[in-house]
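# Observations on the three-dimensional arrangement
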Amino acid sequence: MSRAADKHNVLVDPENLHTLEVEEVLNRFEVDRNKGLNEQTVKIRREQYGINKLRQHKSRSIWSVFISQFKSIIIGILAVAAAAALIYGEWIEGWAVLVVILINTLIGFITELRAVRAMEALSQIGVVKTRVKREGRVVEVDAEDLVPGDLVVIEGGDIITADLRIINASKLQANESALTGESLPVSKNEMKVKEESVLAERSNMLYKGTAVTRGSGLAVVVGTAMSTELGKISSLVETTEDELTPLEERLDVLGYKLIYVSVGIIIAIVISGIVSGKEIVLMIETGIALAVAAIPEGLPIVATLSLAKGLKTLANKNALVNKLSSVETLGATSVICTDKTGTLTENQMTATQVHLYNRTIDVNGKIDQELTEEGNPLHIEHDGDLRLALQVGVICNNATFEPNSEEANGDPLEIALLELGYKAGLLHSELMKVHPEVREDAFDSTTKMMATWNKIEEGKLRVYIKGAPEAILQNCSTYLKEGDCKELGNDEQDHWSNLNNKLAGEGYRMIALATKMAQDPEGNSYEDLCFIGLVALMDPPREGVKEAIEECRQAGINVVMVTGDQVETARYIANKLKLVEKSNSAVIHGSKLYETDKQTKLNSFVYARIDPKQKLEIIDMYQNENQTVAMTGDGVNDAPALKKADIGIAMGRRGTQVAREAADIVLTDDAFSTIVLAVEQGRIIFNNIRKFVFYLLSCNVSEVAVVGIASFIGLPLPILPLQILFLNLVTDVFPALALGVGEGDKTIMKERPRKSEEPILNRKHWKMIGAYSLIMTAAVLGSFLIGSHWLEVGAEGAVTMSFLTLALSQLWHVFNMREENSRIFINSITKNKWIWAAIVLCLVLLLSAIYVPILSDVLSLIPPSFSMWAIILLMSLIPLVTGQLVLILRKAMR
């Protein structure tokens, strides 16, 4: 894109164009409504404003994905340890740590690159053409070639490719749900509107990214590229800062704690050794040994693999994640801010009720479901009133609907009426053969009605009328009752008017049906009508959403609707989905957002007429209350909030490209219920991460304690640096990895979400790590001393005994990771097949380290005797037995 495309200078202030008369707008853009712009002017303006194209979301390069794998503080610690080892000539230790870093990097790189490329594959868009009037001729140009002042010719079905001010309109309607959240098509005209009108109420404007559903018109381009409303939202996405996920924050905090503790201990031990007269080189080697012992080399590998496993699980359940750490963050989610249109609802109009006099016919949303009245199936061949009502909806209709395909064109309301007729076996094409159309009075925004005149038999015509209930009632003199048109008195008129107001107040879109007989096709369509009834339409809730919201409630997660739609519509959907407990619960209107106190907002579950900027403020409000916020949506207007939230969740099928690019997770099935599965998986992953971090650190702290205590009391090193590295990469990693991929506790969704500030390990965990580490340290030092002074097996024999005691005690220690309230022999650990596989593998590797000559030479180990094995096994079981006794005691005290 040229630099000019980034300029924001415009011919006039686009914020007030809706307040001006048509001629004033044309004059300001210096354009003739009959001729349009000339090519010279177009060229000048294109140079000034650039091409009509939004700044493209930059594709993440392979290099950037690779570099992002090194941002972890844990990786930084490992790099420092590797550098220190290489500087002081500990080549094997140094290169071994570098291999650990490489393995972790490759795992994260491959997994994340696949996710990134899968997300980018969703963003395939073609070139859009637009018809414009230039030099008196209508020509078709690429949308990118539009400039401010261009006259655009509009017809039903067009995609709007720039912001437009309407010059003239004929029955023009637009679907603006992707931009404003308004689920219904909006009628458009050229009349100026009030300055304070919000975006969704500017009836004389058309916006880039929306679609024309019916009618035609002419409009002038008033904004292109980044100067459009869509461009402003795109800019808002760019300026919205990415939030670190809670997992990233916690791992960073843990990493810094490890730095402080490790450096403090190492400095203290090295200085004390030098002061006591030990060789400086020896103490530096001891420091390296302690650094290797303190740092859990396996942590980043296990964390990455655990998250990768969660990512794969979610992908199989229709949730595509573009960042590994986002998987866990879902588990901490305490608030889900969700858009309504297309997320909680189907984003398509559906007839739900037909009201005849003193009768209500229920309509199921599914196309293959029959009509029912009080639960009983209806057959229209025996019901003249209902048949006539449905015929009006089908015949007085300009939409097209193919029952055996997904293709439907036209006004969503008219499509819904065709679908309603289809449920009863009425097709527009077949009715037209029997009752051919003689005349049509198209829908007019002034009369708010539409009529068709159709031939019934020779010399007889029937007029079919549909429109706004209040408009049709004013033109009716009779009403349909049991096959006859009765006089419409005040009582009957009040009945229909009150019913209409009641249903409209519940969020329904209401359409009235009427008819009359005629002989002369030249008469007035809208006088002396017979009122038939009302059809209530709604953008219905998506299947499974109600149940998903209830699951969220049981899991302690608040679901908050944040929509650009009308208050009553939002309230109705919220009640229908049981999002609120009381039907009269407060709905906060966007215009009142800043006037409402914070406590009221925190207690509200529905926000209506909210713009993109206000969505950011609502999310920020929850985040300031230490809530972990997930935001779901599919429209362009959702994109900034998707990026601002801790977790942005976009719809893959209905979602716009802008929304998908801003999100952390894309639901490929567009099902809100998939979010619940993702939250459950996130909670399981966090619990697994907590278990393996606890396990790894209790093992590593015991290694530090063994080396540190031995150095303080003047003993030879019971564990050598390379042996420690072997333990950290073998006997620690595989059990930890098995913990990381566990299936988890199925009752986890009955618990409340973790607090956003809760660390991976709290004070209780650190105390338990210290206790377990001391027990393992005592067992290892005991084994070392027994071997040195009682069995007298020599230096290599004693080191071998302490090495194997530490290795086996760490293996058995994995069974101490079970939940406190679980049983001893049947629990999530013993039922995890990967735990048993890890133990078998580690035992094989340990035996290889002893009995395979090359390995034993490198690790300075010797084959133990029978008596040595007896002491090793006995001492290694002490931490396991002690840990199980503690768990039994804690369960008894609960």
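As the structure is a computational prediction, the values presented were derived from the model and not from experiment. (Residues numbered from 1 in each chain as written. Predicted model: local features only at pLDDT ≥ 70, side-chain atom pairs only at ≥ 80, totals over all residues. Heavy atoms only, no water.)

Here we come to the layout of surface pockets. Quantified by volume, the second largest pocket comes out at close to 1,300 Å³. What lines the second largest pocket is a set of 42 residues, among which Asn687, Lys691, Met817, Arg818 and Glu819 lie closest to the centre. Within the residue set of the lining of the second largest pocket, elements represented by two or more residues are α23 (673–712), α26 (763–790) and α28 (833–851). Classifying every residue of the lining of the second largest pocket by side-chain character gives 13 nonpolar, twelve polar and 17 charged. (1 Å grid on protein atoms, 1.4 Å probe; cavity = no way out; pocket = protein on both sides within 12 Å on 5 of 7 lines; lining within 4 Å. Points joined across faces, edges and corners; volume = space filled by probe spheres on them. Helix = DSSP H or I, 4+ residues; strand = E, 2+ residues; numbered from the N terminus. Nonpolar A, V, L, I, M, F, W, Y, C, P; charged D, E, K, R; others polar.)

Let us now look at the nonpolar core. With 128 residues, the main nonpolar core has Ile465, Trp496, Phe531 and Phe672 as its most contacted residues. If you tally residues by element for this core, the top one is α23, at 17 residues. When neighbours within four sequence positions are excluded, phenylalanine 672 is seen to be in contact with Ile336, Thr338, Thr343, Leu344, Val545, Ala548, Ile549 and Val559. (Core = buried A, V, L, I, M, F, W, Y, C linked by side-chain atoms within 4.5 Å. Buried < 20%, exposed > 50% of the residue type's maximum accessible area, 1.4 Å probe, protein only. Contact = heavy atoms within 4.5 Å.)

Cysteine pairs can be linked by a disulfide, which is a covalent bond between their two sulfur atoms. Applying the stated criterion to the full structure yields one disulfide. Note on cysteine connectivity: cysteine 485 is disulfide-linked to cysteine 530, with sulfurs 2.2 Å apart. Handedness of the cysteine 485-cysteine 530 disulfide follows from its S-S torsion of about -105°: it is left-handed. Residue cysteine 485 is located in strand β20 (residues 484–487), and its partner cysteine 530 is located in strand β22 (residues 529–538); the two are separated by 45 residues in the primary sequence. The class for cysteine 485 is partly exposed, based on a relative accessible area of 44%. (Disulfide = S-S within 2.5 Å.)

Okay, helix α20 (residues 612–624) next. Taking 1.5 Å as the rise per residue, α20 with 13 residues should run 18 Å; its terminal C-alpha atoms sit 19 Å apart, in good agreement. Positive phi appears at asparagine 626, one or two residues downstream of α20, with a value of about 60°. (Expected span 1.5 Å × (residues − 1).)

Attention now moves to the confidence of the model for the protein. Predicted confidence across the protein gives a mean pLDDT of 81, with 82% of residues reaching 70 or more. Across residues 118–127, confidence stays below pLDDT 50; counting only partners more than four residues off in sequence or on other chains, it has 16 contacts. (pLDDT = per-residue confidence, 0-100.)

Another point: a nonpolar patch on the surface. Taken together, the side chains of Ile824, Phe825, Ile826, Leu877, Val881, Leu885 and Ile888 define a hydrophobic patch exposed on the protein surface, amounting to about 680 Å² of accessible area. Among the structural elements, leucine 877 can be located in helix α30 (residues 866–893). (Patch = residues over 30% accessible without salt bridge, like charges linked within 9 Å, V, L, I, M, F, W, Y side chains within 5 Å. Areas by Shrake-Rupley, 256 points an atom, 1.4 Å probe, with all protein chains shown as cover. Salt bridge = Lys/Arg side-chain N within 4 Å of Asp/Glu carboxyl O.)

Tracing the chain through its elements places threonine 674 in helix α23. Judged by its relative accessible area of 4%, threonine 674 falls in the buried class. Reaching out from threonine 674, the side chain makes a polar contact with the side chain of aspartate 669 at a distance of 2.8 Å. Excluding residues within four positions of it along the chain, threonine 674 makes contact with Lys317, Asn318, Ala319, Leu667 and Asp669. (Polar contact = N/O pair within 3.5 Å; in protein donor to acceptor, adjacent residues only side chain to side chain.)

Where α23 meets α26, the axes come as close as 8 Å, and the angle between the chain directions of the two elements is 45°. Between α23 and α26, the angle is such that the two are oblique. The interaxial crossing formed by α23 with α26 has right-handed handedness. Of the residues in α26, those touching α23 at Arg690, Phe694, Leu697, Ser698, Cys699, Val701, Ser702, Ala705, Val706 and Ile709 are His765, Trp766, Met768, Ile769, Tyr772, Ser773, Met776, Thr777, Val780 and Leu781. Its residues placed into classes, the contact of α23 with α26 shows 14 nonpolar, five polar and one charged. (Axes fitted to C-alpha atoms, helices over the stretch in contact; angles between N-to-C directions. Parallel < 35°, antiparallel > 145°, perpendicular 65-115°, else oblique. Left-handed = near helix turned anticlockwise from the far one by under 90°.)

Taken in spatial order, the eight strands make up an open sheet running β8-β28-β27-β26-β9-β23-β25-β24, and their pairing is mixed. Each edge of the open sheet is held by one strand with a lone partner, namely β8 (319–321) and β24 (588–589). By the bridge criterion, four bridges tie strand β9 (residues 335–338) to strand β26 (residues 629–633) in an arrangement that is parallel. Across the sheet, valine 335 pairs through a bridge with valine 629, a residue of β26. Strands β9, β23 (558–562), β25 (606–608) and β26 of the sheet are contacted by α20, whose axis makes an angle of about 155° with β26. (Pairing = 2+ DSSP bridges.)

Okay, the packing of aromatic side chains next. Inspection of the entire model under this criterion finds seven aromatic pairs. The interplanar angle of 55° and the centroid separation of 4.8 Å between the aromatic rings of tyrosine 508 and tyrosine 572 together place this pair among those described as tilted. Of this pair, tyrosine 508 sits in the loop between α16 (490–505) and β21 (509–518) while tyrosine 572 sits in helix α18 (residues 567–576); the two residues are 64 residues apart in sequence, bridging distant segments of the chain. We note that tyrosine 508, like tyrosine 572, is buried. Seen from their ring centres, phenylalanine 694 and tyrosine 772 are 6.1 Å apart, and the 85° between their planes marks the pair as edge-to-face. You can see phenylalanine 694 sitting in helix α23 and its partner tyrosine 772 sitting in helix α26, a full 78 residues away along the chain. The class for tyrosine 772 is buried, based on a relative accessible area of 5%. (Phe/Tyr/Trp six-rings, centres within 6.5 Å; stacked < 30°, edge-to-face > 60°.)

Below, the discussion takes up the pattern of salt bridges. Taken as a whole, this structure holds 16 salt bridges when the rule is applied. Close ionic contact of glutamate 414 with lysine 466 constitutes a salt bridge, the shortest N to O distance being 2.7 Å. Residue glutamate 414 is found in helix α13 (residues 412–423), and its partner lysine 466 is found in strand β18 (residues 460–467); the two are separated by 52 residues along the sequence. We note that glutamate 414, like lysine 466, is buried. Of the charged contacts, one joins glutamate 819 and lysine 691 as a salt bridge, the two residues approaching to 2.8 Å between their closest N and O atoms. Linking glutamate 819 in the loop between α27 (794–813) and α28 with lysine 691 in helix α23, this pair joins segments that are 128 residues apart in sequence. In this structure lysine 691 comes out as buried when scored by relative accessible area, which is 15%.

With that settled, the discussion passes to the pairing of strand β3 (residues 151–155). Residues in a regular strand project their side chains so that they alternate between the two faces of the sheet. In terms of residue burial, β3 counts as a mostly covered element, since four of its five residues are buried. Sheet topology places strand β1 (residues 129–134) next to β3; two bridges connect them, and they run antiparallel. Residue pairing for β3: valine 132 is matched across the bridge by valine 152. With five bridges joining them, β3 and strand β7 (residues 211–223) adopt antiparallel strand pairing. Its bridge partner lying in β7, valine 152 is registered against alanine 219.

Here lysine 309 shows up in helix α10 (residues 298–316). Taking the C-alpha atoms as reference points, lysine 309 and valine 741, separated by 432 residues in sequence, lie 6.8 Å from one another. If we skip the residues at most four places from it in the chain, lysine 309 touches Gln681, Val741, Gly742 and Glu743.

Given 3.6 residues per helical turn, the α-helix brings residues three or four places apart onto the same face. A rise of 1.5 Å per residue sets the reference length of α27, with its 20 residues, at 28 Å; its end C-alpha atoms lie 28 Å apart and thus fit the reference within 8%. Across the 20 residues of α27, 17 count as buried, placing the element largely inside the fold.

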